[in-house]
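Spelled out from the first residue to the last, the chains are:
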Amino acid sequence: MPIKILPDALINQIAAGEVVERPASVVRELVDNALDAGARRIEIDVENGGTRLVRVRDDGCGIARDELALALTRHATSKIADIDDLMRVASLGFRGEALPSIASVSRFALVSRQEGDAHGWRIEAVHGRLSGPEPASHPRGSTVEVRELFFNVPARRKFLRSERTEFGHIQEHVRTVALAHPQVEFRLAHNGRPAFWLKPAADLFDRARLAAVLDESFLAQSGSLDQSGAGLRLRGLLGAPTAARGQADLQYFFVNGRPVRDRVVSHAVRQAYADVLHHGRHPAYVLFLDIDPGAVDVNVHPAKLEVRFRDSRLVHDFLFRTLHEALANARAGAGMARAAAGSLPVAATVPVPPPRQSGLGLGGMQALAGWSALYGDGGNGPEVAGVADADRPVTGPAPQSGAEIPPLGYALAQLHGVYILAQNARGLVLVDMHAAHERITYERLKANRAGQGIISQRLLVPVSIAVSPREAAVVEEQGELLAGLGFEMVMAGPGQARLLKVPSLLVGGEVAVLAKQVLADLAEHGSSRLGEEAENELLATMACHGSVRANRALTLPEMNALLRDMEATERSGQCNHGRPTWVEWPLSELDRLFQRGR
Ligand SMILES: Nc1ncnc2c1ncn2[C@@H]1O[C@H](COP(=O)(O)OP(=O)(O)O)[C@@H](O)[C@H]1O
Ligand SMILES: [Mg+2]
C-alpha cells in the first residue's frame, strides 16, 4: 500500500482508542472540562450505563460561538499555548483531544453560553461532520451530550460490560473526582433516577460530604492529616491499620486535584505501612498531594491517569516520612513513652456493641471531631482508654490480691480455642491469641535479627520438604542467608530438602510450612541480599506460621505469659496484618448492656 495521510475522522478515532475506553472515560473527560471551566455545579445524566447517553451540564465559563467548532478540532485547546505552559500544567486538560475523540465515536452535541451572551449556541457532530452553530436556549455554562457511544466502532462495543458495571465505573469516577473538589456540587442520575447529590462543602474534610462518598467504617477508623515540607503539602485521611482491606480498593491519591495511580506513591505508602500490614492486606487512604505544577509532568499518559515526578526521590521520601510518622504515633498513641513506663502501648475501650478496638486513637493525627455524633454512636463510640486508669493500683479478685493489676489483667479462660478471656482493673479483656502471639513473635524476630541474630534450634527429627528447582537452588546457594534467618537445610535428593534447624522462637509452629514459605519467598526474590522491607516481610511470614494457632489449648499460666508479653511488646495493639489483637469492655459498658443501676 502506498503511504497516505489518514483522514481527520480516522485520526480522531485512533486517538479515541486511547482516550475513550468506556462510558466512564467520557464522563471523566467531560467532568474535567467542566472543572477546568470553573463550574460550581456539575450535573451528569446517564442512560444505559452511559452507552445510550452521557450528558454533562455545567455552569462554567462557557465557550464563545466562534470557538465551538474549534473545541471539536484536534489539538485545539485554550489551556496551554507553548512549551513553558506544558511544563507547568495546572488544568486537568491540555491535550485538546478529548472532545474531537469522543465526537468521532458517538452522536455528539455541545451547547454553550458565555456570560453576557443573549442565548446559547448548539453545535453537533455526526460521522465526523459538524453542523451549526444554531441558537439554543441555555443558561451560562455548557452541556455536552454524547449519544450511542461506539455506534460506529463495533469492536469497541463488544468490550462493554453490563449496564450496571459500566454505571458502576461512572459512579466510582464521579465519587473520586468529587473528593478532590469539595466546593463543587455534583449530581448524578442513571436512567432518570438520582444516584447521588453531593452538596458543595467548605473543604476536603467536610464530614457530610465525605460520608456521602466513602465507606463508613473507613471514616470511623481513619484520622486526618495535613503536613507540609520540602515545598510539598500532603493532606487527607489515613486509615488505621485496622481499616486495611483485602483489596486495594480504597486507595485514593490525587496530585494537584488529579486522581492518579503512581508507583512511586504506592511504594512510599506501602513502605510506611510495612511494619503494621502484611500478606495481601491493603491500606486504605485518601491523600491529596499539592506540588508545584512545574515539578510534575502530566504529559505521560493519554488518559492522564499517570504522572511523572521530576524529583521522584524527594516525593517518595516526603510521603514515606510523613505517613510513617503519622502511623508510628497512631499505632501506640505515643506508644514508646508508655511502653517505656512499663504499661500498655495501645489501649482502647470498645463500645457494646459493636466490639472493636479504637479507630480514632490516631495520636499523631487529628481525629475528625464528631464522628460519633455523625454516625449516631451517641457518645458510645470508640474512645482511647486512659492508660493511667488501667495502671491504677487496685485490689480485686485477681490471683495476686493486693498487687497491682497489669493493664491486660489476668486470664480467666480460653474461649472456643481462639480467644483469651481476661479480667483487668477496668473490666473484661478479650485477646485474639494467634494475632497477639504473631505480633510478639514478629517483634522478637526483628529484635533478634538486629541484635545477636536469630537463634536456631536443631530439630530432633529432621523434616523433609518438597522443593522446586528454584527453591533447591536457594537451599544449595544461600545457606548463609538461611542461617541468618535461623534455618539450616540440605538437599536430600532431587526435589527433596531436609530441614535440620529452625528459629527457636518458632519451634512450636508449623515448621515445614514455614520453611517452605521462606524458600518460596527467597526463590521469588532471587537475590542473595534482602532489603529491610523484604526481610521484615519474611520475618512476618515466619511469625505468622510460627505462632500459636487457633484451637490450641493453653493453660492459665501460658495465657498470662502471653498477656505479659503483649504488655511488653511495642505495637502489640495490632497483629502484623493490621487486625486488632485485643479489645476491652469496661464494667460500666457491661452494666449499661445489662441495664444495671437504672
Ligand atoms: N465544559 C466546558 N466549558 C468551557 N469550555 C470547554 C468545555 N469543554 C471544553 N471546552 C473548551 O474546549 C477545549 C477542548 O476541550 P478538550 O478537547 O477536552 O481539550 P482540553 O481539555 O485538553 O483542552 C478546551 O480547551 C476548552 O477551551
Ligand atoms: Mg479536556
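Residues numbered from 1 in each chain as written. Chains lettered and ligands numbered in written order. Predicted model: local features only at pLDDT ≥ 70, side-chain atom pairs only at ≥ 80, totals over all residues. Heavy atoms only, no water.

1. Concerning the packing of aromatic side chains
Thought 1: In the structure shown here, the tally under the stated rule is one aromatic pair.
Thought 2: Consider the rings of F254 and F288, whose centres lie 4.8 Å apart with planes at 15°: the pair is stacked. Of the two residues, F254 sits in strand β11 (residues 251-255) while F288 sits in strand β13 (residues 285-290), which places them 34 residues apart along the sequence.
Thought 3: For F288, a relative accessible area of 7% translates into the label buried.
Thought 4: The ring of W197 is capped by R187, whose NZ or CZ atom sits 3.9 Å from the centre of that ring.
Thought 5: Positioned above the aromatic ring of W197, the side-chain terminus of K199 is 4.7 Å from the ring centre. (Phe/Tyr/Trp six-rings, centres within 6.5 Å; stacked < 30°, edge-to-face > 60°. Helix = DSSP H or I, 4+ residues; strand = E, 2+ residues; numbered from the N terminus. Buried < 20%, exposed > 50% of the residue type's maximum accessible area, 1.4 Å probe, protein only. Lys NZ or Arg CZ within 6 Å of the ring centre and 35° of its normal.)

2. Side note on the pattern of salt bridges
Thought 1: Per the stated rule, a full pass over the model turns up 28 salt bridges.
Thought 2: Close ionic contact of R245 with D215 constitutes a salt bridge, the shortest N to O distance being 4.0 Å. With R245 in the loop between β10 (232-239) and β11 and D215 in the loop between α8 (207-213) and α9 (216-220), the pair connects residues that are 30 residues apart, well separated along the chain.
Thought 3: Overall, D215 belongs to the partly exposed group, its relative accessible area being 30%.
Thought 4: We note a salt bridge from D226 to R233, for which the minimum N-O separation is 2.8 Å.
Thought 5: A relative accessible area of 32% means that R233 is categorised as partly exposed.
Thought 6: Overlapping salt bridges bring together D45, R55, E145 and R147 as one network. (Salt bridge = Lys/Arg side-chain N within 4 Å of Asp/Glu carboxyl O.)

3. Overview of the site of ligand 1
Thought 1: Within the structure, ligand 1 sits among 19 residues, and N33, T77, S78, K79 and G96 are positioned closest to it.
Thought 2: Here an oxygen atom of ligand 1 sits 3.0 Å away from a polar atom, N or O, in the main chain of R95.
Thought 3: A98 places a main-chain nitrogen or oxygen 3.2 Å from an oxygen atom of ligand 1.
Thought 4: Burial of ligand 1 by the protein amounts to 93% of the accessible area it has alone, namely 530 Å². (Near = heavy atom within 4 Å. Polar contact = N/O pair within 3.5 Å; in protein donor to acceptor, adjacent residues only side chain to side chain. Areas by Shrake-Rupley, 256 points an atom, 1.4 Å probe, with all protein chains shown as cover.)

4. As for the sheet that holds strand β9 (residues 222-229)
Thought 1: If you walk across this open sheet you meet the five strands as β9-β10-β13-β11-β12, and the pairing is mixed. Of all the strands in the sheet, the pair left with one neighbour each is β9 and β12 (258-259).
Thought 2: In this structure, β9 lies alongside β10, joined through eight bridges in antiparallel fashion. Each residue of the ladder has a partner; that of S228, found in β10, is R233. (Pairing = 2+ DSSP bridges.)

5. A word on helix α15 (residues 433-450)
Thought 1: The terminal C-alpha atoms of α15 lie 26 Å apart, and with 18 residues this matches the ideal 26 Å at 1.5 Å per residue to within 8%.
Thought 2: Along α15, 14 of the 18 residues are buried, which leaves the element largely enclosed by surrounding structure.
Thought 3: Between the side-chain oxygen at the start of α15 and the backbone nitrogen of H434 there is a gap of 3.2 Å, and the oxygen is on D432. (Expected span 1.5 Å × (residues − 1).)

6. So, the packing of α15 against helix α20 (residues 556-568)
Thought 1: Running from amino to carboxyl end, α15 crosses α20 at an angle of 50°, the nearest separation of the two axes being 10 Å. Taken as axis vectors, α15 and α20 run oblique relative to one another. Two packed elements cross with a definite hand, and for α15 against α20 that hand is left-handed. Where α15 approaches α20, its residues M433, A436, H437, I440 and R444 are matched on the opposing element by L562, D565 and M566. (Axes fitted to C-alpha atoms, helices over the stretch in contact; angles between N-to-C directions. Parallel < 35°, antiparallel > 145°, perpendicular 65-115°, else oblique. Left-handed = near helix turned anticlockwise from the far one by under 90°. Contact = heavy atoms within 4.5 Å.)

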